[in-house]
Amino acid sequence: MIQSDYEKCARRIVGALQLAPGETVLIKLDPRVFTPIIAPLQNLIRASGAHISGAILAEDTNLDSDGEYNSLRRLFSNADVFIWLPELRQGSRPALARALAEWLDARRGRAVHFHWHSGSYPVGLSELPSKEFIDRIYLAALDVDPADLERRHRKAIALLRSGVIRVTSPEGTDISFVTGDRPFCSQTGSASLERMQSARTRIDRDVELPAGVLRVAPIETSANGTVFLPVWRPILSEGRNLMLRFLNGHVAIQGVNADKIDQELTAAGGDARMFREFALGFSPALQVLPEAPFIAYYGYGSGVVRLSLGDNEEMGGANRGGGVYWNFIHNATVTVGNHTLVTNGKLVME
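So, here's what we can say about the structure. (Residues numbered from 1 in each chain as written. Predicted model: local features only at pLDDT ≥ 70, side-chain atom pairs only at ≥ 80, totals over all residues. Heavy atoms only, no water.)

## Some words on the sheet that holds strand β4 (residues 110-113)
Using the following cut-off: Two strands pair if DSSP finds at least two bridges between them. In this text, helices come from DSSP runs of H or I with a minimum length of four residues, and strands from runs of E with a minimum of two, each type numbered from the N-terminal end. A fitted line through C-alpha atoms represents every axis, and for helices the fit uses only the stretch in contact; the resulting angles, taken between N-to-C directions, go from 0 to 180 degrees.
Strand order in the open sheet made by the five strands is β2-β1-β3-β4-β9, with parallel pairing throughout. Edge positions in the sheet fall to β2 (51-57) and β9 (206-208), since each of these pairs with one other strand and no more. Pairwise comparison of adjacent strand axes, ignoring direction, gives a mean angle of 20 degrees for this sheet. As paired strands, strand β1 (residues 24-29) and strand β3 (residues 81-84) are joined by four bridges and run parallel to one another. Its bridge partner being in β3, Lys28 is matched across the sheet by Trp84.

Here you go:
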């Protein structure tokens, strides 16, 4: 990326926040990557009348103690905004995750996650395209109109609430569930104070850039059916040609290395084996491309479905503990009754 690209990223972050004079900003950064964004980001924050109250370095993420947690709580108590920049290994130690969650849940602030490098996943056993190719895709995705995403999300929410949601794929996925009155998280790329007034869950206050996904924690025990995965990648094990079979929200797994995945989920404990999330991508800039198929930015691309296992407290769900296990389907069909939202990975509703 050239310097003007980093400046564009900085403008998009500050534009999403619409900072007010006097607001305080806490930044998490990794001095080993994406460093050209720091100077323009600082300049734009100060030009808005806001100021930077502190910084958390990603290379400290192996530290964890009660003292560290209390120190982080003090940092967040003095912040109105949290900006999380790209890292070599995107993640948070338990102390930071806890402090951030408490701060968001207390509705004291709002956050922008700008993870960039860590959000790309191969389709099946294919290779990821070059970093330069992915950068171009992500830069274009920053230009997607939040108002258009909002309009399309609202229409989709009405349909998804209207009946039983069914997700199928040519390889054998066929799972159904309902959302009940669970809140939807509409990630449109707006992290303004005005937007926060309608926030109902933690992730409503934790905004991702690039934007595009619509997320919900369905009624967990309503999930029944199958999910086929050519590859399991979430944490430690790597399965092949897996069939996840759900009965009343509980999963049993068959396929290559299914025993290792079972051990992984057992070790995680909590609700690791429970259906967690339905997410549907809407960003046209992040859709899966035939010439270079990959899952862009955590499945935020148009027509991509994410079906997850594990803890869903951040979305207003009932699961607790066990971690989070994302699984992506690039060629799903999604229907609600007689209505079709996605056909073979293509979003067909406008």
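## With respect to the packing of helix α1 (residues 3-17) against helix α2 (residues 38-47)
The cut-off we apply is this: A crossing counts as left-handed when the near helix is turned anticlockwise from the far one by less than a right angle, and as right-handed when that turn is clockwise. Contact definition: two residues touch when any of their heavy atoms are within 4.5 Å. Throughout this entry, Asp, Glu, Lys and Arg are counted as charged residues, while Ala, Val, Leu, Ile, Met, Phe, Trp, Tyr, Cys and Pro are counted as nonpolar. The remaining residues, Gly among them, count as polar.
It is at 8 Å that the axes of α1 and α2 come closest, and there the two elements cross at 35 degrees. In the packing of α1 onto α2, the handedness of the crossing is right-handed. For the pair α1 and α2, the contacting residues are Gln3, Glu7, Ala10, Arg11, Ile13 and Val14 in the first and Pro40, Leu41, Leu44 and Ile45 in the second. Of the residues that constitute the contact of α1 with α2, the class distribution is seven nonpolar, one polar and two charged.

## Points about the pattern of salt bridges
The following threshold applies: The salt bridge definition used is simple: a Lys or Arg side-chain nitrogen within 4 Å of an Asp or Glu carboxyl oxygen.
Tallied over the entire structure, the rule returns 23 salt bridges. A salt bridge links Asp143 to Lys8; the shortest N-O distance between them is 2.9 Å. On the criterion of sequence distance, the pair formed by Asp143 in the loop between α5 (131-141) and α6 (146-160) and Lys8 in helix α1 is long-range, its members being 135 residues apart. The partner of Glu313 in a salt bridge is Arg320, with the nearest N and O atoms 3.9 Å apart.

## A closer look at the sheet that holds strand β11 (residues 224-231)
Two strands in a sheet stick together by hydrogen bonds in their backbones, pointing the same way (parallel) or opposite ways (antiparallel). Read from one edge of the open sheet, eight strands run β13-β12-β11-β7-β6-β19-β20-β21, paired in antiparallel fashion. Each having just a single partner strand, β13 (250-256) and β21 (346-347) make up the two edges of the open sheet. The sheet strands contacting α6 are β6 (165-168), β19 (333-336), β20 (339-343) and β21, and the helix crosses β20 at an angle near 125 degrees.

## Notes on the packing of aromatic side chains
To keep it simple, the criterion reads: Stacked, tilted and edge-to-face are the three classes applied to pairs of Phe, Tyr and Trp rings, where Trp contributes its six-membered ring and a pair requires centres within 6.5 Å; stacked means planes under 30 degrees apart, edge-to-face means over 60, and tilted covers the rest. Relative accessible area decides the class of each residue, using a 1.4 Å probe on protein chains only: under 20% of the type maximum gives buried, over 50% gives exposed, and in between gives partly exposed. Two conditions define a charge located above a ring, namely a distance within 6 Å from the ring centre to NZ of Lys or CZ of Arg, and an angle within 35 degrees of the ring normal.
Within this structure, the stated rule accounts for 18 aromatic pairs. Taken together, a centroid distance of 5.5 Å and an interplanar angle of 50 degrees make the contact between Phe177 and Phe278 tilted. One end of the pair, Phe177, is in strand β7 (residues 174-177); the other, Phe278, is in strand β14 (residues 275-281), and 101 residues separate them in sequence. Accessibility expressed as a relative area gives 1% for Phe177, which makes it buried. Feature note: the residues Tyr6, Phe34, Phe114, Trp116, Tyr121, Tyr138, Tyr297, Tyr298, Tyr300, Trp326 and Phe328 constitute an aromatic cluster, connected by ring pairs. Just above the ring of Tyr69 sits the side chain of Arg98; from NZ or CZ to the centre is 3.8 Å.

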